[in-house]
Amino acid sequence: MAIDTTAQTHSTTSTAGLPAGPEGGGRLSVRARLVLFVLCAAQFAVALDFSILNIALPSLGASLHLSQANLQWGMTAFALPSGGFLLLFGRVADAVGRKRVFLGGLTLFTAASVLATLAWSPASFLAGRALQGLGAAAIVPAGMALLTTTFREGPQRDRALGIMGSLMAVGFTCGMVLGGVLTQLLTWRSTMALNVVMGAAVLFAAPRLLPESRNEVRPRMDIPGAVTVTGGLLSLIYALSTAAQRGFGDVPVLVTLIAAAVLLTAFVAIEARTAEPLVSLRILRRPTVAFGNLGGLTTIATMTAAVFLGTLYLQQVNHLSPVLTGLVFGALGVSCAVTGTLAPRWVARVGSAKVLAGGLLLQAALTFGLLAIGAGTTGTWIFLVVISLAGIGHMAAMVSYNVTATSGLPNDEQGQATGLTTTTQQVGITVGIPLLAALASTRGDVLSGVRLGLAADAIAVAALAVTVALGLTAAKRR
C-alpha cells in the first residue's frame, strides 16, 4: 500500500517525495517515517503537557501563591480551549491548509509554553496554559488530518495511527513520570520548559518535511455552528472540570451543564439545515464514526479516571512519593507503547471493530481486578501489574477506534472526522475524572472511595463495550 501522492477529487494533498514501501505492505519509507515522527512528536508534546502538571500542582501553587481551591485551574485553563476549539480548527484546517494550521498552532503552543515557564503570577501562568490549550486545539486535528490524508487507508495508515495513538497514550503517562521527577529534582517550571524544547525542535523540522493538504474547493465557514459547538463544548468541559471540587449541585456547574445541553442541541439543529456544515450529520450517521467515537470516549474517559483514582490510592493510602507514583504509571506507559506497535497487526488480521470491542472488554475485566487492592506493599504491586495489563486493552481500543472512526471517508471529510476523534479524546479526558472523583468522595475513607470509583469504572466500560460491539456488528450485517 503506497502513500497517497495524487490529488483527490475534493482534496489536494502535496505529498511528492514520500516514496512508499512495497505495494500492499505496511512498511514506510525513510521520508514517510520522518513525516510520521514529526507529527507524532507534536501530538506527544500535547499529551505530555496535559498530564505533566498533575504532580507538580502543589509545588506550583506554593510558588505562585495559587490557592488550593484554584489549583485545578492549572488543568482546566488548558482543557477548556483545547477541547472547545477542536472542531472549529479541524474545519479551518480543511479550508486554509492543514500544514498551515498545524504550524500556526505549534508556534502558539511553544510561545505559550515560554510564558508558562516564566510566569510571575497566577494570572500570567493561567494565561500561558490557556494559550497552550488554544495551540493544542489547532495542532491535534490538523496533525491527525495530515496523517490520514498523507497515508492511504490500509496497512500503512493503520500502522501510522497505531504509532501515533501509542505515543499519545505514552505521552500522557510519561507526563506523570516526568512531572514527579522534574518537580522533585528541579522545579515545576522545568515541566513547562520541556514543552518549549520539544515545540522548538518540531518547528525546526516540520516546515521542511510536512506536505500541504487542503480541500480543493474552500468551504464557507459555518459561523452559527462554530459558535454553538464551541460554546457548548466550553460549557461542558468547564462544568465537568469543576464538578469534582464543587459538586454537581453547585449552581455554576448546573448552569453551565444546562447551557452546554442547549448549545449542543442548537448545534445539531443548525447542522441539519446548513448547506456546508461544520460537521456533516451524514458523517455522524455512519455507524463506524458513531460507534468508533463512542468506543474511544469510553476507553479514554475510564482509563484516565482509573489513573486519577490510582494516584489517590498510591499517594494517600500507601503514601508513595511523587516520583514512585510516576514510576508505577510508567509501567502502564510501557504496556501502551508495546501494544501500540502490535495493535495495527491485530486490526489487519481480524478487523478494527473486533479489536475495539475486545480491547474494551479486556480493559473492563482488568479494572474489576483492581478491586483487589488494599493498603500496603502487596496492594501497590497488585495495582502496578493489573493497571499495566489493563493498558493492553486500552491501547488496543485506542488504535482501533481511530482506525474505525476515520475509515471509508474521502480526504475532504478527514478534517471533520479527525476533529471528531480528537474532540472525543479531549472530552473523554475531561468527563471521567470529575464523575468518578465525585462518586469516590461519597465514601468516608480514601480506599473505599477509590474502590467504589473503580467498580463504577469497570461496569461502565463493560456496558459500553457491549453497546459498541452490537452496534458495529449490526451495521456490518446491513
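This one's a predicted model, so the numbers in the text were calculated from it and none came from an experiment.

Topic: a nonpolar patch on the surface
Step number 1: The grouping of Leu 361, Val 466 and Leu 470 at the surface amounts to a nonpolar patch, some 280 Å² of accessible area in total.
Step number 2: Structurally, the position occupied by Leu 470 is in helix H17 (residues 446–477).

Comments concerning the environment of Gly 247
Step number 1: Position of Gly 247 relative to the elements: it lies in the loop between helix H9 (223–246) and helix H10 (251–273).
Step number 2: A residue is classified by how much of its surface remains accessible, and Gly 247, at 22% relative accessible area, is partly exposed.
Step number 3: C-alpha of Gly 247 to C-alpha of Pro 434: the two residues are 187 residues apart in sequence and 8.8 Å apart in space.
Step number 4: Apart from the residues within four sequence positions on either side, Gly 247 is in contact with Thr 242 and Val 253.

Section: the confidence of the model for the protein chain
Step number 1: In the predicted model, the protein chain carries a mean pLDDT of 79, and 84% of its residues have values of at least 70.
Step number 2: Between residues 1–25, whose pLDDT stays under 50, and residues either more than four places distant or in other chains, the model counts 71 contacts.

Some details on the environment of Leu 194
Step number 1: Tracing the chain through its elements places Leu 194 in helix H8 (residues 189–209).
Step number 2: For the pair Leu 194 and Leu 48, spaced 146 residues apart in the sequence, the C-alpha separation amounts to 9.5 Å.
Step number 3: If near-sequence neighbours (up to four positions away) are discounted, Leu 194 is found in contact with Leu 48, Ile 52, Leu 178 and Leu 182.

Observations regarding the packing of aromatic side chains
Step number 1: Following the criterion strictly, the structure yields 4 aromatic pairs and no others.
Step number 2: Ring plane angle 85° and centroid distance 5.5 Å describe the contact between Phe 125 and Trp 188, whose orientation is recorded as edge-to-face. Residue Phe 125 is located in helix H6 (residues 122–150), and its partner Trp 188 is located in the loop between helix H7 (155–185) and H8; the two are separated by 63 residues in the primary sequence.
Step number 3: Overall, Phe 125 belongs to the buried group, its relative accessible area being 1%.
Step number 4: Trp 188 sits in the buried class, given a relative accessible area of 2%.
Step number 5: Ring plane angle 45° and centroid distance 5.9 Å describe the contact between Tyr 313 and Phe 383, whose orientation is recorded as tilted. In this pair, Tyr 313 sits in helix H12 (residues 287–317) while Phe 383 sits in helix H15 (residues 377–406), placing the two residues 70 residues apart along the sequence.
Step number 6: For Phe 383, a relative accessible area of 0% puts it in the buried group.
Step number 7: Sitting over the ring of Phe 204, Arg 208 keeps its end group 4.4 Å from the ring centre.

Each value, and the rule that gives it
Residues numbered from 1 in each chain as written. Predicted model: local features only at pLDDT ≥ 70, side-chain atom pairs only at ≥ 80, totals over all residues. Heavy atoms only, no water. Patch = residues over 30% accessible without salt bridge, like charges linked within 9 Å, V, L, I, M, F, W, Y side chains within 5 Å. Areas by Shrake-Rupley, 256 points an atom, 1.4 Å probe, with all protein chains shown as cover. Salt bridge = Lys/Arg side-chain N within 4 Å of Asp/Glu carboxyl O. Helix = DSSP H or I, 4+ residues; strand = E, 2+ residues; numbered from the N terminus. Buried < 20%, exposed > 50% of the residue type's maximum accessible area, 1.4 Å probe, protein only. Contact = heavy atoms within 4.5 Å. pLDDT = per-residue confidence, 0-100. Phe/Tyr/Trp six-rings, centres within 6.5 Å; stacked < 30°, edge-to-face > 60°. Lys NZ or Arg CZ within 6 Å of the ring centre and 35° of its normal.

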